[in-house]
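What the coordinates show
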Protein chains: 2
Amino acid sequence: MKNFILPIEKLIAEFSHLPGVGRKTATRYAYHIINSETQSVQDFASAMLDAKRLVKYCSVCGNFTENDICDTCAKGDRRQVCVVAEPKDILALEKVRDYGGTYHVLHGLLSPMEGRTAEDIHIKELLSRISNDNVTEVIMATPPTVEGEATAMYISKLVKPLGVKVTRLAQGVSMGTELEYVDEVTLSKALDERREI
Amino acid sequence: MKNFILPIEKLIAEFSHLPGVGRKTATRYAYHIINSETQSVQDFASAMLDAKRLVKYCSVCGNFTENDICDTCAKGDRRQVCVVAEPKDILALEKVRDYGGTYHVLHGLLSPMEGRTAEDIHIKELLSRISNDNVTEVIMATPPTVEGEATAMYISKLVKPLGVKVTRLAQGVSMGTELEYVDEVTLSKALDERREI
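These notes cover the structure that comes with them. (Residues numbered from 1 in each chain as written. Chains lettered and ligands numbered in written order. Predicted model: local features only at pLDDT ≥ 70, side-chain atom pairs only at ≥ 80, totals over all residues. Heavy atoms only, no water.)

**Digging into the overall build of chain A**
Looking only at helices and strands, one finds eight helices and six strands in chain A. Computed over the C-alpha atoms, the radius of gyration of chain A is 22 Å, more than 25% above the 16 Å expected from 2.2 N^0.38 for a compact globule of 197 residues. With respect to the three principal axes, the spread of C-alpha positions in chain A is 70 × 45 × 35 Å. The proportion of buried residues among the 197 residues of chain A is 40%. Pairs at least 24 residues apart make up 45% of the contacts formed inside chain A by residues separated by at least 6 positions. Per element, the accessible surface of chain A, about 11600 Å² overall, is 53% carbon and sulfur. (Helix = DSSP H or I, 4+ residues; strand = E, 2+ residues; numbered from the N terminus. Rg over C-alpha atoms; globule rule 2.2 N^0.38 Å. Buried < 20%, exposed > 50% of the residue type's maximum accessible area, 1.4 Å probe, protein only. Contact = heavy atoms within 4.5 Å. Areas by Shrake-Rupley, 256 points an atom, 1.4 Å probe, with all protein chains shown as cover.)

This is the structure:
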């Protein structure tokens, strides 16, 4: 006997599929499940099945939704489109509350290292929205990383020729940070893009 | 909208109950589930329910089992009992393959810090086995930590008066380690318990 009994091994194998979870962590999770009340394990299993069954992608922007079209696309101004990498980025932006437009989720970023090309992320869908919805502005809100910048550049080169204004989230020093701890690239960007007051 | 849609929030809440999982990790796991095939999510959910339904504790030693009595208790010599903190410790010991006795799982260690007393771990069950099964030797295989040592001392004080031999796993330098990297306590133990060759 080098392994746990079959039902435990099966559960450990399932937990090991989660991102960043190895056998040790999976074993810890499996222990937790076995030591939980039957009712809570049933709740957990139904939450999992429900999430898979009920959550769809908005047919317009690709955000998570329970309906065909998500709330933001139903209410927001479709002529303004904010392009993000993942649905969770929409949550962050929605906290700001002063954006009245819609979003577009790429579901990934261009990454030659990981073999993700323009066909693997939702760029085609963005281009068809631009021609269908009279889009006037595309705001690139991909993260300020190498991949995020490359994706923003790539998309702006496709979108600009269509006569659409393309903007990018401003880069600079964050609110509340001490200047001495700001990295050089950010500080250099902040200096380059300094504004008159 | 500061949160995800309800089915996702529910799943994130469930994942957050796992040990050491915060909202960020739980969100990552929930993403993974939503992006998985329906079939694999169903397999995951059944593995969870099966583990909870099929896994019981051996009525003799407290190890995980699908039956009333686990394999080791069915086959092993019940007069020799190796006391461990958790079922996973049995796996480690069984890999050695040259132990023919049985085990006893405490399901925890004495810990005043975490409020775990002798009533909270399976010491009573061990004592009743000693009187019922003609136990001749109790091997303390609790981990070499403060709590593990304290638990071993506590149990040995209860068991010795019953005329049973109590032993403890030897402590010393591990195979293959460089002496310069061995901690002082271990080295001092290894010196104290040096053997003639």
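**Considering the relation of the copies chain B and chain A**
Taken together, a rotation about one axis and a shift along it account for how the two chain copies relate. With an RMSD of 0.1 Å, the operation that places chain B on chain A is a rotation of 180° combined with a shift of 0.1 Å along the axis. On the angle and the small slide along the axis, the relation comes out as a two-fold axis. Distance from the rotation axis, computed per C-alpha, reaches its smallest value in chain B at Ala 45 of chain B: 2.4 Å. Both copies share a contact surface, since 98% of the interface residues of chain B are interface residues in chain A too. (Least-squares fit on C-alpha atoms with pLDDT ≥ 70 in both.)

**Side note on the packing of aromatic side chains**
The final tally for this structure, using the stated rule, is 15 aromatic pairs over all chains. Measuring from centroid to centroid gives 6.2 Å for Phe 4 of chain A and Tyr 31 of chain A, while their planes differ by 75°, and the two rings are edge-to-face. Here the residue Phe 4 of chain A occupies a position in the segment before helix H1 (6–16), and Tyr 31 of chain A occupies one in helix H2 (residues 23–35), the gap between them amounting to 27 residues. Note on accessibility: Phe 4 of chain A and Tyr 31 of chain A belong to one class, buried. Each member of the aromatic cluster is reached from another via a ring pair, and the members are Phe 15, Tyr 29 and Phe 44 of chain A together with Phe 15, Tyr 29 and Phe 44 of chain B. Seen from the ring of Tyr 31 of chain B, Lys 88 of chain A lies directly overhead, with NZ or CZ sitting 5.1 Å from the centre. (Phe/Tyr/Trp six-rings, centres within 6.5 Å; stacked < 30°, edge-to-face > 60°. Lys NZ or Arg CZ within 6 Å of the ring centre and 35° of its normal.)

**Looking at the sheet that holds strand E6 (residues 165–168) of chain A**
All names here are of chain A. The strand order E4-E3-E5-E6 describes an open sheet built from four strands, whose pairing is parallel. Where the open sheet ends on each side, the last strands, each with one partner, are strand E4 (101–105) and E6. This sheet shows a mean twist of 25° between the axes of neighbouring strands, independent of strand direction. As paired elements, strand E3 (residues 77–84) and strand E5 (residues 137–140) share four bridges and run parallel to each other. Along E5, the bridge assignment pairs Gln 80 with Glu 137. Taken strand by strand, helix H5 (residues 87–94) contacts E3 and E4, and its axis lies near 155° from that of E4. Here helix H6 (residues 123–132) sits on the sheet in contact with E3, E4 and E5, set at roughly 150° to E4. (Pairing = 2+ DSSP bridges. Axes fitted to C-alpha atoms, helices over the stretch in contact; angles between N-to-C directions.)

**Topic: the pairing of strand E5 (residues 137–140) of chain B**
Residues Glu 137 and Ile 139 of chain B point to one face of E5 of chain B and Val 138 and Met 140 of chain B to the other, with burial holding for every one of them. You can see the chain leave E5 of chain B, run along helix H7 (residues 146–159) of chain B and come back into strand E6 (residues 165–168) of chain B, and the turn it takes is right-handed. (Right-handed = clockwise from strand over helix to strand, strands pointing away.)

Coordinates in, geometry out; function isn't part of it.
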